[in-house]
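The lines below spell out each chain.
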Amino acid sequence: KPVSLPLHPKTRVAVMSGQSSGCGFLMSVVVHGDSTLNEQEKELNQRLRRLYPAVNESETPLPRSWSPKDKFSYIGLSQNNLRVHYKGHGKTPKDAASVRATHPIPAACGVYYFEVKIISKGRDGYMGIGLSAQGVNMNRLPGWDKHSYGYHGDDGHSFCSSGTGQPYGPTFTTGDVIGCCVNLINNTCFYTKNGHSLGRKKSNDWPNLYPTVGLQTPGEVVDANFGQHPFVFDIEDYMREWRTKIQAQIDRFPIGEREGEWQSMIQKMVASYLVHHSYCATAEAFAKTTDQAVHEELASIKNRQKIQKLVLSGRMGEAIETTQQLYPNLLERNPDLLFMLKVRQFIEMVNGTDSEVRCLGGRSPKSQDSYPGSPRSFSSPSHKASSSQPYLTGFDSSCCNGVTSNKSHSSSPHSHKACPPSSGSTLISSDISVNGSRQQPLTSDVDMEVDHFTNGVTESSSNGFLNGTSKHATEPDDCDADMEVESAQSKRQLCGGSQAAIERMIHFGRELQSMSEHLRRECGKNSANKKMLKDAFSLLAYSDPWNSPVGYQLDSIQREPVCSTLNSAILETHNLPKQPPLAQAVGQAAQCLAIMARSGSGSCAFASVDDYLH
Amino acid sequence: GSCILSFDINEVTATSRHYVDRLFDPDPQKVLQGVIDMKNAVIGNNKQKANLIVLGAVPRLLYLLQQSSSGLDLRTECAVVLGSLAMGTENNIKSLVDCHIIPALLQGLLSPELIFIEACLRCLRTVFISPVTPVQLLYTDPTVIPHLMSLLSSSQKTQEYITQIFSHCCKTSDHQTVLFNHSAVQHIAPLLISPSYKVRMQALKCFSVLAYENTQVSMTLVNVLVDGEPLSQVFVRMMQRDQPVEMQLTAAKCLTFMCRAGAIQTEESCIVLKTLPCLVRMCSKDHLLEERVDGAETLAYLIEPDVELQRIASTTDHLVAMLADYFKYPSSVSAITDIKRLDHDLKHAHELRQAAFKLYASLGSNDEDIRKKITDTENMMDRIVSGLSESSIKVRLAAVRCLHSLSRSVQQLRTSFHDHAVWKPLMKLLQNAPDDVLIMASSTLCNLLLEFSPSKEPILESGVIELLCSLTQSDSPALRINGIWALMNMAFQADQKVKVEIVGCLGTEQLFRLLSDPDNSVLMKTLGLLRNLLSTRPHIDQIMSSHGKQIMQAVTLILEAEQSIEVKEQTLCILANIADGNTAKDLIMTNDDMLQKIKYYMSHSSVKLQLAATFCISNLIWNEEDGSQERQDKLRELGFVDVLHKLSQASDPNLSDRAKTAMQQYLA
């Protein structure tokens, strides 16, 4: 019987919690190659990353200091371009001078903040703190001209693109810390004095504003804090409020008008996802409970599952053989794919896991069988590296992780791969987490009239999801039990340590070489193929390939993109989509956020796709 | 139509009667089913609830609930149905309380069965949070509170219900003490980190009601650790801007109350950087009207005694301008088209205005710049003026508090107060107002009667003297002080006519009564009044000729009594004023006893008293006046010249100068 309860938005993607690497590119931060980063710079980078996680600094760097190039001549800079002093005559307003930061404020900050400490008010304390666009005259105080905004110390007025200010806040002087906060979501800004917000100002909807400071009389000195030190004002608290607001907006976003429509779409997405990744038992159970048709033969799903298992456990020879058996023309028509599989087979030979060397080697077949599921944090560098693949592939592969983390805990995200294909109950629980509300047990509770609290806040968890997870918790974790951890690194030997295996590997390498040459003659140069082969062969240049610069290839995680590419190729021959709709939707959401960041829409800062996948 | 209607009612009553009848079935299984059916029938149906109560379901349900033979299921279902009935109207609650539901349910809490306890607590909670239930019923049996404390560890539900009962039933300092003595703090503190939001929220509310104006509780709270973290930090976390507003606001209240009780310093960052900004935020348009009222009132209370907090608040988020918005309800937007909105706005309009006035009063109580900022706010004085004559007593009181705070400014008294003739509504307010309004209004009046206030004249002409004199007869010391204080200000440099009117209206009898007032400040202000009355020679002679005898008696009494230096100084100053009169001088000169007293005070250990006494003598022997020769002679005989001579060598320069000046009168 179909379930028609609407799903809480948070449960939409609950089945795939654990996915994480997909949006890596959104968060990538320029890491300076310089290994001698001093403490302050480290602190600065950490703070900026924490405050503005959505900013892609390779595209839009954050301001870190004042610009020695973008200033009037009466301005002097010192202390790593953070201290500003006035060095003009300071006789009339014509002697005013400003300096801008090195970079404009990226929209993906959502909320941006910097502070300035007044070291000395100098002769008259005619100091202005604010924002201006590139090209605004620097022989002026911020706020006096178009696309320029400032809060002035001598009278406490705020200037918005005008020579006359409006009463705004208190005056400020030596020892005060003045902050400027830009909200790129609602296009407002406010200033702070010694940690106290002075009140919102209307819209500066001009894009690409730079932090700016202006001085006008001798002796005036101010220090900027772009995140080098903790801020006096609690900007993180302010950002928390906006994050909550944006997320509430997303949560409340109206979904399908007709009852059940939204849910059936979600169910379709989940089902297609399960089928795509060949979780056949789960897919079957899910389709049954949600009353859906599966658009692929069960046998076909099982076949793909079998091949994927072989690839993911490193048994490439068998994987290729099985593919050729089950899909006779597939690899012949895709020579590049076959080449890729063979290169992977070579790597697995070096690793000692491929079936061809395994039977020659000394390691027990059982341990070879198991897919190494060593605990690995999602943010570990190795995983990041894998996501440098085209985005959707990255998602695709890591999505495999997601499903079980509902069940077994995320410390062993890959554990389900070790389950035999026949274990029908592997993922059966995931349908509960989607439909759980239907099965909510009411027996233990006295059912009572609902409370009428006028101002009580109801807890935001959806019962469906909670119910699902609690079920999982009580279920014995049979997959973990089957799993074996890869033998310790110190025991690793080339091709499992067998001389025969090494010979076989060398021979295979030669075949691969000639295959590569053949391919080049037939299909022309292919730099990707060339690099792939070169990298694989490089493994032999090191006595301990696992700890070499090219050793990452031996990491089991590198099997995932191979597996995914092969799977997609098989699906294509069946006229099925290369990507599951779920992955496409997630990818599309991530792309939208990137476009928002570029077009100056600040709310992208608080709408990370990741937040909805965990 | 009416015929059909009555038929309907009969039918409903008939089915209701059937439900009640089933409670008396001899088969316990059928009774249980009857109760369950009744439960399903009453959910969300207020009419059905009222019917069942009228038909006597409650005593039967209570009986079944109390019988141990009833079985757990039946007893629990009874408690659930009673809980449902309690969720109806206030009349339902009254009926339940009248049927002694509270002792029965409290008795039920002694059961070993958690499910039954929870049902009882839930019903108790619903009954106790109703405004019609007397909270005292919770404290009648002294074993109840400790038992509730012990139940706090049973389940999340017991925690939620019990803390909610506590937070609604802790209304007085006695209640606070009872709960505190039963270790409420230790029992409830761990609930602040409960996984359940409702439990955290109710626990937080408990702390806010426990700490309010309670130093003992507040001092204890600062030393409490929750999971290794100081309680104040837990409250700070609850004020984070991503927390629900209700939680932020209640946590800010807890810290405010702890601060006002002296347990946290105002300059600590949890107050100045967290609580204060949080409360200012609550005043913004983004929040519900109730939250804005609560926020403004709490902020007013927080900053009331501390000028630094007042200064910071006045510059935070344009608070002064933000509060002006509180006067715009019901707004023009809430037009007739949106009745619901209009009704809501109307309901809160008074609350908003009084909260804004209170906060303005706190903001302006010390700093002149802030007062100026407030009076410069759009239509501020007009709003105060109309606030003074609003129908809501709460608004009137808050408006007059605000006016009082602003009246401490010389600048405002001279300008805006006069321009807006605030004295008019103020005078009106003073007629038949309750004491708290009267205290504030008369205190404000005192400031309006200062000599530089342009409002002084019109107030005098409005017949205020009688009113002020009647205030001096009040039982409230604050009103007596304000009355006499205002009269004192009024008499300062006043016309003879005014002075005569004051004396005439007050009456010497009342004047003497005030001179023996148990409140020292009343006495001081009365002496001040006398001093102001007895200034400039014609006034002195006029008043002394009619009341000289009584005044001299009073002066004698005070000088002979155990009184503070300040009081005696004032009295000697009055005597010096009398000595300045023409005819009045004789009242002293013919009173040898008084002259001896003056001589005594000229040699007193207090320089202040010596000065005042010497001043008095100096007035008596002043040369240019009639009869000065005789007076000089008499005083010489009495040995005053020797005393003056001695004083002319005093170490205090003022005193020696004064003595030398007096001596010169003899030489001339």
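Residues numbered from 1 in each chain as written. Chains lettered and ligands numbered in written order. Predicted model: local features only at pLDDT ≥ 70, side-chain atom pairs only at ≥ 80, totals over all residues. Heavy atoms only, no water.

As named in an unreviewed UniProt entry, chain B is Armadillo repeat-containing protein 8, taken from Gouania willdenowi.

Chain A is annotated in an unreviewed UniProt entry as Ran-binding protein 9 of Gouania willdenowi. Its UniProt record gives chain A a comment under Sequence similarities (unreviewed entry), which states: "Belongs to the RANBP9/10 family." (UniProt positions renumbered as here; feature names shortened; annotations may be inferred.)

A.B. asks: If you had to explain the overall build of chain A to someone new, which residues and values would you point to?
C.D. replies: Secondary structure assignment for chain A yields 21 helices and 14 strands. Relative to its 614 residues, chain A shows a buried fraction of 51%. Taking as baseline every contact in chain A between residues at least 6 positions apart, the subset at least 24 positions apart corresponds to 71%. By element, 53% of the accessible surface of chain A is carried by carbon and sulfur atoms, the whole surface being about 27,900 Å². (Helix = DSSP H or I, 4+ residues; strand = E, 2+ residues; numbered from the N terminus. Buried < 20%, exposed > 50% of the residue type's maximum accessible area, 1.4 Å probe, protein only. Contact = heavy atoms within 4.5 Å. Areas by Shrake-Rupley, 256 points an atom, 1.4 Å probe, with all protein chains shown as cover.)

A.B. asks: Give a description of the overall build of chain B that names residues and reports values.
C.D. replies: Each helix and strand counted, chain B has 42 helices and 2 strands in total. What you see for chain B is a C-alpha radius of gyration of 35 Å, clearly larger than the 26 Å of a compact globule of 668 residues, by over 25%. With the C-alpha coordinates of chain B rotated into their principal frame, the extents come out at 120 × 55 × 50 Å. The 668 residues of chain B split such that 56% are buried. (Rg over C-alpha atoms; globule rule 2.2 N^0.38 Å.)

A.B. asks: Quick rundown of the sheet that holds strand β14 (residues 220-225) of chain A? Include the residues and the values.
C.D. replies: Residues and elements named next belong to chain A. On the basis of which strands lie adjacent, the open sheet formed by 7 strands has the order β2-β3-β14-β5-β10-β11-β12 and antiparallel pairing. The strands lining the two open edges of the sheet, one partner per strand, are β2 (75-78) and β12 (196-201). Strand after strand, the sheet turns through a mean of 25 degrees between neighbouring axes, direction not considered. Both strand β5 (residues 111-121) and strand β10 (residues 177-183) contribute to a ladder of 7 bridges, which runs antiparallel. Counted as the bridge partner of Tyr113 is Cys181 from β10. (Pairing = 2+ DSSP bridges. Axes fitted to C-alpha atoms, helices over the stretch in contact; angles between N-to-C directions.)

A.B. asks: Describe the interface of chain A and chain B, listing the residues and the values that go with them.
C.D. replies: In this complex, chain A contributes 29 residues to the contact, which on the side of chain B involves 36 residues. The interface formed by chain A and chain B contains 4 salt bridges. Between Asp242(B) and Arg240(A) there is a salt bridge, with its nearest N and O atoms 4.0 Å apart. On the surface where chain A and chain B come into contact, there are 10 residue pairs in polar contact (both at pLDDT 80 or more). Where the side of chain A that touches chain B is concerned, the elements lending two or more residues are β12 and α3 (235-251) of chain A. Here the residues of the side of chain A that touches chain B are counted per class, giving 10 nonpolar, 9 polar and 10 charged. (Salt bridge = Lys/Arg side-chain N within 4 Å of Asp/Glu carboxyl O. Polar contact = N/O pair within 3.5 Å; in protein donor to acceptor, adjacent residues only side chain to side chain. Nonpolar A, V, L, I, M, F, W, Y, C, P; charged D, E, K, R; others polar.)

A.B. asks: Which residues make up the pattern of salt bridges, and what are the values?
C.D. replies: For the structure shown, the criterion picks out 45 salt bridges over all chains. The shortest N-O distance in the salt bridge between Arg537(B) and Asp580(B) comes to 3.1 Å. A residue pair is termed long-range when its members are at least 10 positions apart, and Arg537(B) in helix α35 (residues 537-560) and Asp580(B) in the loop between α36 (565-578) and α37 (585-589) qualify at 43 residues. You can call Arg537(B) partly exposed: its relative accessible area is 29%. In this structure Asp580(B) comes out as partly exposed when scored by relative accessible area, which is 25%. Bridged by salt links that share partners, the residues Asp237(A), Arg240(A) and Asp242(B) form one connected network.

A.B. asks: Tell me about the sheet that holds strand β4 (residues 97-101) of chain A, and please be specific about residues and values.
C.D. replies: Residues and elements named next belong to chain A. The 7 strands are arranged β1-β4-β13-β6-β7-β8-β9 in an open sheet whose pairing can be described as antiparallel. Only two strands of the sheet have a single neighbouring strand rather than two, namely β1 (66-71) and β9 (166-167). Here 2 bridges tie strand β8 (residues 157-160) to β9, and the two strands are oriented antiparallel to one another. From the neighbouring strand, His157 faces β9, where its bridge partner is Pro167.

A.B. asks: So, the side chain of Gln176(B): which residues are in play, and what are the values?
C.D. replies: Residues and elements named next belong to chain B. The topology assignment puts Gln176 in helix α11 (residues 173-181). Judged by its relative accessible area of 4%, Gln176 is buried. Among the polar contacts listed, one links the side chain of Gln176 to the backbone oxygen of Tyr212, at a separation of 2.9 Å. Ignoring sequence-local partners within four residues, the contact set of Gln176 consists of Cys170, Val209, Leu210, Ala211, Tyr212 and Asn214.

A.B. asks: So what's going on with the nonpolar core? Which residues, and what values?
C.D. replies: Grouped together as the largest cluster of nonpolar side chains are 236 residues, with contacts concentrated most on Phe235(B), Leu363(B), Leu575(B), Ile588(B) and Ile598(B). Beyond its immediate stretch of four places on either side in the chain, Leu363(B) contacts Ile303(B), Gln310(B), Ala313(B), Ser314(B), Leu319(B), Val320(B), Leu323(B), Ile370(B) and Ile374(B). In this structure, Ile105(A), Phe114(A), Leu198(A) and Leu215(A) belong to the second largest nonpolar core, which totals 65 residues. (Core = buried A, V, L, I, M, F, W, Y, C linked by side-chain atoms within 4.5 Å.)

A.B. asks: Mind laying out the UniProt feature "domain: CTLH" (unreviewed entry) in chain A, listing which residues take part and the relevant values?
C.D. replies: Those residues carrying the UniProt feature "domain: CTLH" (unreviewed entry) are residues 300-357 of chain A in this numbering. End C-alpha atoms of residues 300-357 of chain A are separated by 29 Å, and the span's content is 83% helix alongside 0% strand.

A.B. asks: Account for the packing of aromatic side chains, naming residues and giving values.
C.D. replies: On inspection of all chains with the given rule, the structure shows 22 aromatic pairs over all chains. Measuring from ring centre to ring centre gives 5.4 Å for Tyr52(A) and Tyr112(A), while their planes differ by 25 degrees; the resulting arrangement is stacked. Of the two residues, Tyr52(A) sits in the loop between α2 (39-51) and β1 while Tyr112(A) sits in strand β5, which places them 60 residues apart along the sequence. Assessed through its relative accessible area of 0%, Tyr112(A) is described here as buried. When the ring of Tyr151(A) is compared with that of Tyr168(A), the centres are 5.4 Å apart and the planes differ by 75 degrees; the resulting orientation is edge-to-face. Placement of the pair is Tyr151(A) in strand β7 (residues 148-152) and Tyr168(A) in the loop between β9 and β10, with a sequence separation of 17 residues. Note on accessibility: Tyr151(A) and Tyr168(A) belong to one class, buried. By the ring-pair criterion, three or more aromatic residues cluster together here, those being Tyr52(A), Trp66(A), Tyr112(A), Phe114(A) and Phe226(A). Residue placement shows Lys245(A) over the ring face of Trp242(A); its charged tip is 4.0 Å from the ring centre. Directly above the ring of Phe116(B) sits Arg75(B), whose terminal nitrogen or CZ lies 4.5 Å from the centroid. (Phe/Tyr/Trp six-rings, centres within 6.5 Å; stacked < 30°, edge-to-face > 60°. Lys NZ or Arg CZ within 6 Å of the ring centre and 35° of its normal.)

A.B. asks: Could you give me a rundown of the packing of helix α9 (residues 335-351) of chain A against helix α18 (residues 527-538) of chain A, with the residues and numbers involved?
C.D. replies: Between two packed helices, the angle of one axis relative to the other and the distance separating the axes together describe the packing. Residues and elements named next belong to chain A. Between α9 and α18, whose axes approach to 10 Å, the crossing angle comes to 10 degrees. In this view, α9 runs roughly parallel relative to α18, as classed from their interaxial angle. Of the residues in α18, those in contact with Asp336, Phe339, Met340, Val343, Phe346 and Ile347 of α9 are Asn529, Met532, Leu533, Ala536 and Phe537. Considering only residue class, the contact of α9 with α18 consists of 9 nonpolar, 1 polar and 1 charged. (Parallel < 35°, antiparallel > 145°, perpendicular 65-115°, else oblique.)

A.B. asks: Report on the UniProt feature "repeat: ARM" (unreviewed entry) in chain B, specifying residues and quantitative values.
C.D. replies: The UniProt record annotates "repeat: ARM" (unreviewed entry) at residues 56-92 and 506-548 of chain B. With 81% helix and 0% strand, the stretch residues 506-548 of chain B has end C-alpha atoms that lie 16 Å from each other.

A.B. asks: Run through helix α13 (residues 197-211) of chain B, naming residues and quoting values.
C.D. replies: Residue and element names in this part refer to chain B. Over its 15 residues, α13 runs 21 Å from end to end, which matches the ideal 21 Å to within 8%, given 1.5 Å per residue. Burial analysis of α13 places 11 of its 15 residues in the buried class, the great majority of the element. For α13, the complete set of buried residues consists of Tyr197, Val199, Met201, Gln202, Ala203, Leu204, Cys206, Phe207, Ser208, Leu210 and Ala211. Buried residues belonging to α13 abut α10 (156-169), α11, α12 (184-188), α14 (215-222), α15 (231-238) and α16 (245-260). Put simply, Ser196 is the residue that caps the front of α13, since its side-chain oxygen is 3.3 Å from the backbone nitrogen of Lys198. At the exit of α13 stands Glu213, carrying a positive phi of roughly 50 degrees. (Expected span 1.5 Å × (residues − 1).)

A.B. asks: Can you break down the confidence of the model for chain A residue by residue, with the values?
C.D. replies: Residue and element names in this part refer to chain A. Averaged over all residues, the pLDDT of chain A equals 76, while 72% of them reach at least 70. The model gives residues 362-445 a pLDDT under 50, and that stretch makes 193 contacts with residues more than four places away or in other chains. Contacts from residues 452-490, a stretch scored under 50 in pLDDT, to residues over four places away or in other chains number 66 contacts. (pLDDT = per-residue confidence, 0-100.)

A.B. asks: Describe the confidence of the model for chain B, and please don't skip the residues or the numbers.
C.D. replies: All names here are of chain B. Residues at a pLDDT of 70 or more form 97% of chain B, whose mean pLDDT is 90. Across chain B, the element-wise mean pLDDT spans from 65 in helix α1 (residues 2-22) up to 98 in α16. Here the predicted complex carries an ipTM of 0.82, next to a pTM of 0.77.

A.B. asks: For the pairing of β4(A), give the residues involved together with the corresponding values.
C.D. replies: Residue and element names in this part refer to chain A. Taking burial as the measure, the 5 residues of β4 include 5 buried ones, the bulk of the element. Sheet topology places β4 next to strand β13 (residues 209-215); 4 bridges connect them, and they run antiparallel. In the sheet register, Ser98 faces β13, and the bridge partner there is Gly214.

A.B. asks: How would you explain α36(B) if you had to name every residue and give the values?
C.D. replies: All names here are of chain B. Between its first and last C-alpha, α36 extends 20 Å over 14 residues, near the 20 Å set by a 1.5 Å rise per residue. Residues of α36 that are buried: Val567, Lys568, Gln570, Thr571, Leu572, Cys573, Ile574, Leu575, Ala576, Asn577 and Ile578. Where α36 is buried, its residues touch α34 (520-533), α35, α37, α38 (592-602) and α39 (607-620).

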